[in-house]
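# Per-entry structural report
What follows is each chain in one-letter form.
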Amino acid sequence: MFNRYYTLSGINQNNFFVFALSPFTILHFTALSETLHLYSSTFPFYRLTIHFFLCYSRNQNNMRKEYQLLMTTTYDKETDPVLSGEDAIAILNTPDDQLQDLVDRAAALRYKYKGNRVSIHILTNARSGNCSQDCAYCAQSCRSTADIEKYKWVDEDKLYHNNDFVNEHHLSRHCIGLSGMKFTDQEIEELARRIRKMKEHGTHLCCSIGFLTEKQAKMLKDAGLDRINHNLNSSRSFYHNICSTHTFEQRVDNIHMLQRLGFEICSGGIVGMGESKEDIVDMLLELREIQPEALPINFLLPIKGTPLGDADTSGLTTEYCLKVLCLARLLVPQSDIRCAAGREVYFKGQEKKLLSVVDSIFASGYLTEGGQSIQGTLRTITDAGFTYEIESA
């Protein structure tokens, strides 16, 4: 629940009052009392409780009543919108001149579940390059010729130094990314040893890692790992266009296994790889079924040396990207909706509007690509009127 104060101007027309309540909606009602409960027709998933304080003013044309009010917004999970596939396509086809209405709808859910907070995530690449998978977007894949640093394990001193940094600065989470899709039990035990050492300080940990056996997942769980990232990346029907060395179904099955073992899940996708709007919708509907704790959306940054290095990203306008994020918020409202790769490119100058929809962003880069600095990210958030929580991912 949160409170907002407004001054509204309304015209009494046959005892029918019409009020513009920016930025949310227009309120229509036929009775006025000291306290009024009503549901917004624009956003039926929240209830407005309004306390009025009546005063009068005149202008040349008519008598107007101005009401100073305290609006208490009470949300109810059962009243969240439930969108069909057709509804979702219509959202992606929203005319640009109606985009603000869509942003307001998503913002209502963002504030409902996440308040005014923005989480900042920092990626650490613990194993880089030499991946056996052929994902078209990735600089670390087996068919990439991109000029990147390659190593099996990051230096342990660096890993533990980063973990100390997380604790010293009271950050929320430290996540370790590892390239590759399959690991030996010995490699998982090496990772588990590192996790146990970092957990001595009580650090919340997340790993972006490939396919695990149930035995390996339990090894990491027993070592203290809290959350695992495993993205769907695209739709079931489009997936073969970006990867041939594993299937979409394998990714979904891996996530379900991890959920059964009690892991929190971070799972999202990439926009701009040549997929259709229907593919975006199908991917997000799959994620609605998964209900991940965090849902990152990446907007393609073409990397030279990868099959998508020369991809046409002209369709990734700020408006379209924002529609995708709004749809993610409307479909999976309780997840942390994260604007991941591409934020600095596709939303430059539109950070306030972006942060009214998402509650999570990255800083300082995206594995093999650079990004906005921590201090720059903090300024972006505070300049947009939000508060921040740094979370190392």
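Residues numbered from 1 in each chain as written. Predicted model: local features only at pLDDT ≥ 70, side-chain atom pairs only at ≥ 80, totals over all residues. Heavy atoms only, no water.

### Let's talk about the packing of aromatic side chains
Applying the stated criterion across every chain, the model contains three aromatic pairs. Note on F299 and Y346: the rings are 6.3 Å apart at their centroids and 65 degrees apart in plane angle, and the pair reads as edge-to-face. Here Y346 lies in helix α9 (residues 343-346) and F299 lies in strand β14 (residues 294-299), a separation of 47 residues in the sequence. For the pair shown, F299 and Y346 are each scored as buried. The interplanar angle of 65 degrees and the centroid separation of 5.7 Å between the aromatic rings of F299 and F347 together place this pair among those described as edge-to-face. In this pair, F299 is assigned in strand β14 and F347 in the loop between α9 and α10 (351-355), connecting sequence segments 48 residues apart. Exposure remark for F347: the relative accessible area of 1% places this residue in the buried category. The ring of Y111 is capped by R110, whose NZ or CZ atom sits 5.7 Å from the centre of that ring. (Phe/Tyr/Trp six-rings, centres within 6.5 Å; stacked < 30°, edge-to-face > 60°. Helix = DSSP H or I, 4+ residues; strand = E, 2+ residues; numbered from the N terminus. Buried < 20%, exposed > 50% of the residue type's maximum accessible area, 1.4 Å probe, protein only. Lys NZ or Arg CZ within 6 Å of the ring centre and 35° of its normal.)

### Considering the side chain of S356
Structurally, S356 can be placed in the loop between α10 and β16 (360-363). A relative accessible area of 12% places S356 in the buried class. What S356 contacts, discounting residues up to four positions off in sequence, is V103, A107, R110 and F386. (Contact = heavy atoms within 4.5 Å.)

### Examining the environment of V281
In this fold, V281 is placed in helix α7 (residues 277-290). Relative accessible area serves as the criterion here: at 2%, V281 is assigned to the buried category. In this structure, the C-alpha to C-alpha distance between V281 and S235, residues 46 residues apart in sequence, is 8.1 Å. Beyond its immediate sequence surroundings of up to four residues, V281 is in contact with G85, A88, I89, L92 and L327.

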